[in-house]
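Each chain is listed here by its residues.
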Amino acid sequence: MVNANEYTQHLMGTTVSLMLLEPNETAVQTVFETIKILEDKLTVNKPLSEVMSINLAAGQHPVTVSRPVFSLIEQAQKISLHFNSCFNLAIGPLVKLWKIGFQGDQIPAARLIKQQLLLTDPKNIELDANKHTVFLKKAGMEIDLGAIAKGYIADVVKSILLQYQVYKGIINLGGNVFALGASLTDDNGYWHIGLRKPFSTDNKLSGVIKVIDKSVVTSGIYERFFIQNDHLYHHIFDPQTGYPLDNELESVTVISDSSLEGDIYSTVFYGWGLDKSREFLQKRPNLSAIFLLKNKTIALVNPNNFIFQKSDKQYTIKLD
């Protein structure tokens, strides 16, 4: 039996854990210090951060930011403009209005939603690659990198571990899991990652995902939501309407080579729904996804990159 060394800290509003098969205190210390630095740059939940200084200067002047922050904003803008989906880095004003997952969540007045929608166009974000400046053209605009910050940070953590010759382990940033290398605890080298059953109160699993050297990221409507008049309102918004998306999906899990990709595509695929996502995935054999549908079926797309072991009898598997 291989004994794993687990290290945890509370960062980014979640429990961050590293599970390494060999102890390496220096690598772990570097990882946690780097996460703190990046969180302080990227968060919108603290009064001082690079992203907050961009938001506070909206409609007034461009703000110079560090190279990693600029690069991440640049990528996020490209995705927001390129995909017709619910990925939108300028969604901040709507997130603030609905307060889903925070105190005071409520259905806002339709006129307020319309007002805030005018502030969510990613075309109104002006980037200067030479000066590393970001300018939000309209006062009241806010960018929110919450949808991709964890993925970006997980990839940075992976590169730090590799620099310290740590080639096997599990990086878990509260939902963004990176299974590094091959596991020594499984005869075939697979890491076993639980896929939570949506809305289960006791953390039941719908199944187990087995992977080698892959990122596993899930976006689901059960993570942050409230119920009013028997209708569930969750935190994944439709940028066209300003309301939470309502489709056939409960969750989307993306298995990919990078965690940033996982963050991007789990949100994009949720916005697209199963059919359009499947069509997209058929052209990208290195990218895989697991869709949990409200009708209790599980669709596995490109299952050559992982093994899925169902553990909940309520669900039936549909292979694509």
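For the structure, check the block above.
Structure report, in brief.

Conventions we followed
Residues numbered from 1 in each chain as written. Predicted model: local features only at pLDDT ≥ 70, side-chain atom pairs only at ≥ 80, totals over all residues. Heavy atoms only, no water. Salt bridge = Lys/Arg side-chain N within 4 Å of Asp/Glu carboxyl O. Helix = DSSP H or I, 4+ residues; strand = E, 2+ residues; numbered from the N terminus. Buried < 20%, exposed > 50% of the residue type's maximum accessible area, 1.4 Å probe, protein only. Core = buried A, V, L, I, M, F, W, Y, C linked by side-chain atoms within 4.5 Å. Contact = heavy atoms within 4.5 Å.

Some points on the pattern of salt bridges
Enumeration according to the criterion identifies 9 salt bridges in this entry. When the shortest N-O distance is used, the salt bridge between Lys137 and Glu126 registers 3.9 Å. On the criterion of sequence distance, the pair formed by Lys137 in the loop between strand 5 (133-136) and helix 6 (146-163) and Glu126 in strand 4 (residues 125-128) is long-range, its members being 11 residues apart. Of the residues examined, Lys137 reaches a relative accessible area of 39% and is grouped as partly exposed. For Lys296, the salt bridge identified is with Glu250, shortest N-O distance 3.1 Å. Placement of the pair is Lys296 in the loop between strand 14 (288-293) and strand 15 (297-301) and Glu250 in strand 13 (residues 249-256), with a sequence separation of 46 residues.

Overview of the nonpolar core
Of all hydrophobic cores here, the largest spans 73 residues; its most connected members are Ile35, Leu42, Leu145, Ile153, Leu161, Phe269 and Phe291. Element by element, the count of residues in this core is highest for helix 6, at 9 residues. If sequence neighbours within four positions are ignored, Phe269 has contacts with Leu249, Val252, Val254, Ser277, Phe280, Leu281, Leu287, Ala289 and Phe291. The next biggest cluster of nonpolar side chains, apart from the first, holds 18 residues, and it includes Leu195, Ile255, Ile298 and Phe306.

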